[in-house]
Amino acid sequence: MPGVNSSASSSAAAAGSAPRVSAFIPEGTRDVLPPEWAQREAIRAQLSGLFSRWGYRGVEVPALEYASAHHPQDAVAFKLIDSGGQVLSLRSEFTTAVGRLVRTRYPHGPFPLRLQYSGRLWLRAQNSELGRLREFNQLGVELIGVESARSDAELLHLAAAALREVGVGAALEVGYPGFVDAVLEDAGLHGAARAALHDAIDRKSGADVDLLCGQFGLGSETRRTLHALTDLYGGPEVLDAAQALAQGTRAHEAVAHLRRVAALYAGPLLFDLGVSRRYDYYTGLTFRAYAPGLNQPVLGGGRYALEGGLPGAGFALGLERLMRALAGDLPPEPELVLALDLAAAEAARAQGLHAELAWTDDRADLQAFSAARGIRRWAYTDGGTLIFQPATEVTL
C-alpha cells in the first residue's frame, strides 16, 4: 500500500498494540465512532429544526459538480474524470452549489428565498483554517434575493440563536472587507500595491505594512492610515474610528450600513474592520464567531452576489468545530439496557431508554457483553410486566 510503512504496522501488531489508524485512512480524514456520531447528529437535528422554525427550507445539492476555473475553491478541489471524459470535482463549499440551484430551480423566486443545507465537503489541500481536515461537515443557511440592513441583521440574530441552541458561548465579530478596499482606493492605491496591502492588513501585520509602504514609496500619512486599519477591532467605538478614516462615498456608506445593522441587531457585537479576506468576493458585511479555546471560527458567513448579480447572504457552521467547542459539555446519552425479549425491548424504548436485544440465552456471554458495553441493567417481561434487574444479578 503506497505511503504505508508495512514493517512498522507488522511490528505494532506483533507487540500486541493497536495499529495506527492513520496508516489505513487518507491524511486529513477521520473515523467517527458511535458516541460522537450520536452527539453530532443531535446537534445537526437541533440546528436544522431551528432553521426550519425561522422559515429556512432544506435543500440537498450533489456532491459531484462540474469543475470550473471560476469556482472560488477550484484550486483546492478534488478533481476526477468520468467515463465520458468530463472533468468533475467534489463539492468544496455550499454557497456556489446553492446559487446554481437557485438560478435553475427558482429563477423567479419568490424572493426572499430562505434555504438551509447540511452535508460533507472535501478539499484536496489541507487548510489550517479548517483544522487540517480534508473531509468535513457543514450546515448553514442562505438568504437570497434581498439586500438590506434588516436582512443582514436577521442573519446575525439567527447566527446568535444557533449558537445558543447548541450551548456554544461565542461572540459575533462583524467585518466589512469592502471598507478596507474603499480606504485603499481613497488613498490612491491600485493594482499590486492594493492587493498586497489587503493581505497584510487582513493579517494585521504592521511589519508587512511598513515593508510594503517602503516598497511602493507611500508617504507617512498613508502609512498612518494603513496602520490605523489594522487596529480597527473592538466594540461600537470602532465605528467612530472607522468614520474618521472614511474619505470617499464607499467608505462612508460602509460605516453607515454597519451602524444600521448594529442598531437593528441591538445586541453585543465586536467589530473587526481590518478584515480584508476575499474582499473581491464579499459585497457587504461578513461575520464569524469564535468559541473559547479554539483559534478557528465555529461559524462564518457574509454577503455576496450570485452569478448574474442576484444578492445573497448566509453563514455556515462547522460540525467538527462545534463538537470541539462542546467537548466536556455534551449531555449524557440515554441509559442503554439489554432486553432479553422483544416485548421488553419495546417497553423499555417506550420509556425513553435505549435497548439492545439479546442474541443468545447464554448468560455468561450476555454478562461479558454487558460489562464490555457498560450496560448496567437487563430488562425482561414476566406476565406482561416489564422488569429491570442489575446485569450482575439476573437469575433466569
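Everything below is about the structure shown above.
Report follows, based on the coordinates.

About the thresholds
Residues numbered from 1 in each chain as written. Predicted model: local features only at pLDDT ≥ 70, side-chain atom pairs only at ≥ 80, totals over all residues. Heavy atoms only, no water. Helix = DSSP H or I, 4+ residues; strand = E, 2+ residues; numbered from the N terminus. Rg over C-alpha atoms; globule rule 2.2 N^0.38 Å. Buried < 20%, exposed > 50% of the residue type's maximum accessible area, 1.4 Å probe, protein only. Contact = heavy atoms within 4.5 Å. Areas by Shrake-Rupley, 256 points an atom, 1.4 Å probe, with all protein chains shown as cover. Lys, Arg positive; Asp, Glu negative; His and termini not counted. Charge placed at Lys NZ, Arg CZ, Asp CG, Glu CD. Pairing = 2+ DSSP bridges. Phe/Tyr/Trp six-rings, centres within 6.5 Å; stacked < 30°, edge-to-face > 60°. Axes fitted to C-alpha atoms, helices over the stretch in contact; angles between N-to-C directions. Parallel < 35°, antiparallel > 145°, perpendicular 65-115°, else oblique. Left-handed = near helix turned anticlockwise from the far one by under 90°. Nonpolar A, V, L, I, M, F, W, Y, C, P; charged D, E, K, R; others polar. Arc of directions from axis to C-beta. Salt bridge = Lys/Arg side-chain N within 4 Å of Asp/Glu carboxyl O.

### Things to note about the overall build of the chain
So, step 1. Scanning the chain from terminus to terminus reveals 13 helices and 16 strands.
So, step 2. For a compact globule of 396 residues, the expected C-alpha radius of gyration is about 21 Å, and the chain comes in at 27 Å, more than 25% above that figure.
So, step 3. By principal-axis analysis of the C-alpha atoms, the chain measures approximately 90 × 55 × 45 Å.
So, step 4. Residues classed as buried in the chain amount to 42% of the 396 residues present.
So, step 5. Counting contacts in the chain only where the partners sit at least 6 residues apart, residues at least 24 apart contribute 63% of the total.
So, step 6. Just so you have it, the chain exposes about 20100 Å², and 53% of that area is on carbon and sulfur atoms.
So, step 7. Placing the 37 positive and 44 negative side-chain charges of the chain at their respective mean positions leaves the two points 3 Å apart.

### Overview of the pairing of strand β12 (residues 311-318)
So, step 1. Counting buried residues along β12, eight of its eight residues qualify, which places the element largely inside the surrounding structure.
So, step 2. Burial of the side chains of β12 extends over both faces: P311, A313, F315 and L317 are buried on one face and G312, G314, A316 and G318 on the other.
So, step 3. Direction of pairing for strand β6 (residues 135-144) relative to β12: antiparallel, over a ladder of seven bridges. Counterpart to G140 in the pairing with β12 is A316.
So, step 4. Sheet topology places strand β11 (residues 299-305) next to β12; seven bridges connect them, and they run antiparallel. When the bridges of β12 are listed, L299 appears paired with L317.
So, step 5. What sits between β11 and β12 in their antiparallel hairpin is a turn of five residues, with G308 showing a positive phi close to 100°.

### Looking at the packing of aromatic side chains
So, step 1. Tallied over the entire structure, the rule returns six aromatic pairs.
So, step 2. For the pair F94 and Y117, a centre-to-centre distance of 4.4 Å together with 25° between the ring planes defines the contact as stacked. Taken together, the positions of F94 in the loop between β4 (87-90) and α3 (95-105) and Y117 in strand β5 (residues 113-122) put the pair 23 residues apart, joining distant regions of the chain. For the pair F94 and Y117, one class covers both residues: buried.
So, step 3. A centroid spacing of 6.0 Å and a plane angle of 65° characterise the contact between F287 and F315, whose relative ring orientation is edge-to-face. On the criterion of sequence distance, the pair formed by F287 in strand β10 (residues 282-290) and F315 in strand β12 is long-range, its members being 28 residues apart.
So, step 4. Judged by relative accessible area, F287 falls into the buried class, the value being 4%.
So, step 5. Through a chain of ring-to-ring contacts, the aromatic side chains of F51, F287 and F315 assemble into a single cluster.

### Observations regarding the sheet that holds β5
So, step 1. Taken together, nine strands build an open sheet; the order of strands is β1-β5-β6-β12-β11-β10-β7-β9-β8 and the sheet is mixed. Each edge of the open sheet carries a strand with a single partner, namely β1 (57-58) and β8 (233-234).
So, step 2. Here β1 runs beside β5; their pairing, made up of two bridges, is parallel. Note on β5: the bridge partner recorded for G58 is Q116.
So, step 3. Running at roughly 10° to β12, helix α4 (residues 149-166) makes contact with β5, β6, β7 (171-175), β10, β11 and β12 of the sheet.

### Digging into the pairing of β4
So, step 1. One ladder, built from three bridges, connects strand β2 (residues 64-66) with β4; its direction is antiparallel. Counterpart to Y66 in the pairing with β4 is L88.
So, step 2. The sheet contact formed by strand β3 (residues 79-81) and β4 spans three bridges and is antiparallel. Within β4, the position partnered with I81 by the bridge is V87.

### Some points on the packing of helix α5 (residues 177-186) against helix α6 (residues 191-202)
So, step 1. Taken N-terminus to C-terminus, the directions of α5 and α6 make an angle of 135°; their axes are 11 Å apart at the nearest point. Classified by the interaxial angle, the pair formed by α5 and α6 is oblique. Where α5 crosses over α6, the handedness of that crossing is right-handed. Touching P177, V180, D181, L184 and E185 of α5 are R194, L197, H198 and I201, all from α6.
So, step 2. Among the residues forming the contact of α5 with α6, the class breakdown is five nonpolar, one polar and three charged.

### Quick look at helix α9 (residues 237-245)
So, step 1. Restricting attention to buried positions, one finds in α9 the residues V238, L239, A242 and L245. Along the axis of α9, the buried positions cluster into a sector of 115°, meaning they face one direction only.
So, step 2. Those residues of α9 that are buried lie in contact with α5, α8 (220-230), β8, α10 (249-265) and β9 (270-272).

### What about the side chain of E65?
So, step 1. Position of E65 relative to the elements: it lies in strand β2.
So, step 2. Here E65 occupies a buried position and makes no salt bridge, while the nearest side chain of opposite charge, R91, is found at 5.7 Å.
So, step 3. Setting aside chain neighbours within four positions, we find E65 in contact with H71, L88, S89, R91, E93 and A97.

### Regarding the packing of helix α2 (residues 34-53) against α4
So, step 1. Running from N to C, α2 and α4 cross one another at 145°; their axes reach a closest spacing of 10 Å. Seen along the crossing, α2 lies across α4 with a hand that is right-handed. On the side of α2, the interface is formed by I43, Q46, L47, L50, F51 and R53, while α4 contributes L158, A161, A162, E165 and V166.
So, step 2. Here the contact of α2 with α4 is built from residues that sort into eight nonpolar, one polar and two charged.

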